[in-house]
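# Chains, contacts and geometry: an overview
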Amino acid sequence: MNIVAEALGSYYHYKGIFCRLDGDNRGAMELFAMAIEKYEEELGSNPTNKQLLRLCALCWERLSELQMSRGSNLEEVTFSLSDPRIEKTDQYYIRAVEADKQDAVTLYAYAKFLWRCNRVERAEEYFLQSLEANPTDISCLRDYAKFLTIRGESAQSERLAALANAISKERASDKETQAGASKEKDGKEKHK
């Protein structure tokens, strides 16, 4: 196991994300390519590591997205599995799913990727598997709701969006309750 390669891969990956957010698309592409190189190096000694496989797929996806869009309208980029880069991305996602068929994060990421490849039936299958593995994943619920809206299933979409909002509000309320309890505890300790 080459922990240095994995750490460098993650460093380059996240630095690439920040470059992209700052509008430095060329820098982001270089960093995603460097991250892929390091992740693939680590996968040589740890070929079934689901996290490395997913991260490598995400880097390939982000690199392809930037190359195809020339840095603008990234969300509007659609993928074709006839493109070797996209085929490679797909293979990494497949391997990541095979490594852990219950990993909601990987299933969700793969669903979004398949949607961008216009493989609608397969995308829906993976959205559902992800929600089965983690039924309270707000991001997945919201994206699946958008997916259903586009497919003309507005009633189901509205129910999922409402569920995502309810979960979000419940979590916010829980955080407020925890913060209040923590402050109360701190106040009691100060008076001792």
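Residues numbered from 1 in each chain as written. Predicted model: local features only at pLDDT ≥ 70, side-chain atom pairs only at ≥ 80, totals over all residues. Heavy atoms only, no water.

### As for the packing of helix α3 (residues 50-69) against helix α5 (residues 104-116)
Between α3 and α5, the least distance of the axes is 11 Å, while the angle of their chain directions is 25°. Here α3 lies roughly parallel to α5, going by the angle between them. Remark: the crossing between α3 and α5 carries left-handed chirality. Contacts from Arg54, Glu61 and Glu65 of α3 reach α5 at Val105, Thr106, Phe113 and Arg116. (Axes fitted to C-alpha atoms, helices over the stretch in contact; angles between N-to-C directions. Helix = DSSP H or I, 4+ residues; strand = E, 2+ residues; numbered from the N terminus. Parallel < 35°, antiparallel > 145°, perpendicular 65-115°, else oblique. Left-handed = near helix turned anticlockwise from the far one by under 90°. Contact = heavy atoms within 4.5 Å.)

### Side note on α3
The terminal C-alpha atoms of α3, which comprises 20 residues, lie 28 Å apart, in line with the 28 Å expected from a rise of 1.5 Å per residue. Immediately downstream of α3, the backbone of arginine 70 shows phi near 60°, a positive value. (Expected span 1.5 Å × (residues − 1).)

### Regarding the packing of helix α4 (residues 84-99) against α5
The interhelical angle for the contact between α4 and α5, taken along N-to-C directions, is 155°, at an axis separation of 10 Å. The angle between α4 and α5 falls in the class roughly antiparallel. Like other packed secondary-structure pairs, α4 and α5 cross with a definite hand, here left-handed. Residues Ile86, Thr89, Asp90, Tyr93, Ile94, Ala96 and Val97 of α4 form the contact with α5, whose own contacting residues are Thr106, Leu107, Ala109, Tyr110, Phe113 and Leu114. Here the residues of the contact of α4 with α5 are counted per class, giving 10 nonpolar, two polar and one charged. (Nonpolar A, V, L, I, M, F, W, Y, C, P; charged D, E, K, R; others polar.)

### A short note on the packing of aromatic side chains
Here the structure, examined in full by the defined rule, presents 12 aromatic pairs. With 5.4 Å between their ring centres and 35° between their planes, phenylalanine 127 and tyrosine 144 make a pair best called tilted. Here tyrosine 144 lies in helix α7 (residues 138-150) and phenylalanine 127 lies in helix α6 (residues 120-133), a separation of 17 residues in the sequence. Phenylalanine 127 gets classed as buried once you look at its relative accessible area, which sits at 0%. Overall, the relative accessible area of 5% leaves tyrosine 144 in the buried class. Through a chain of ring-to-ring contacts, the aromatic side chains of Phe79, Tyr93, Tyr110, Phe113 and Tyr126 assemble into a single cluster. (Phe/Tyr/Trp six-rings, centres within 6.5 Å; stacked < 30°, edge-to-face > 60°. Buried < 20%, exposed > 50% of the residue type's maximum accessible area, 1.4 Å probe, protein only.)

### Concerning the side chain of aspartate 143
Residue position: aspartate 143 is located in helix α7. In contact with aspartate 143, not counting residues within four places along its chain, are Tyr108, Lys112, Trp115 and Phe127.

### Focus: unusual backbone geometry
Even without a glycine there, the phi angle at asparagine 118 is positive, about 60°. Residue position: asparagine 118 is located in the loop between α5 and α6.

Purely geometric stuff here, so don't read any function into it on its own.
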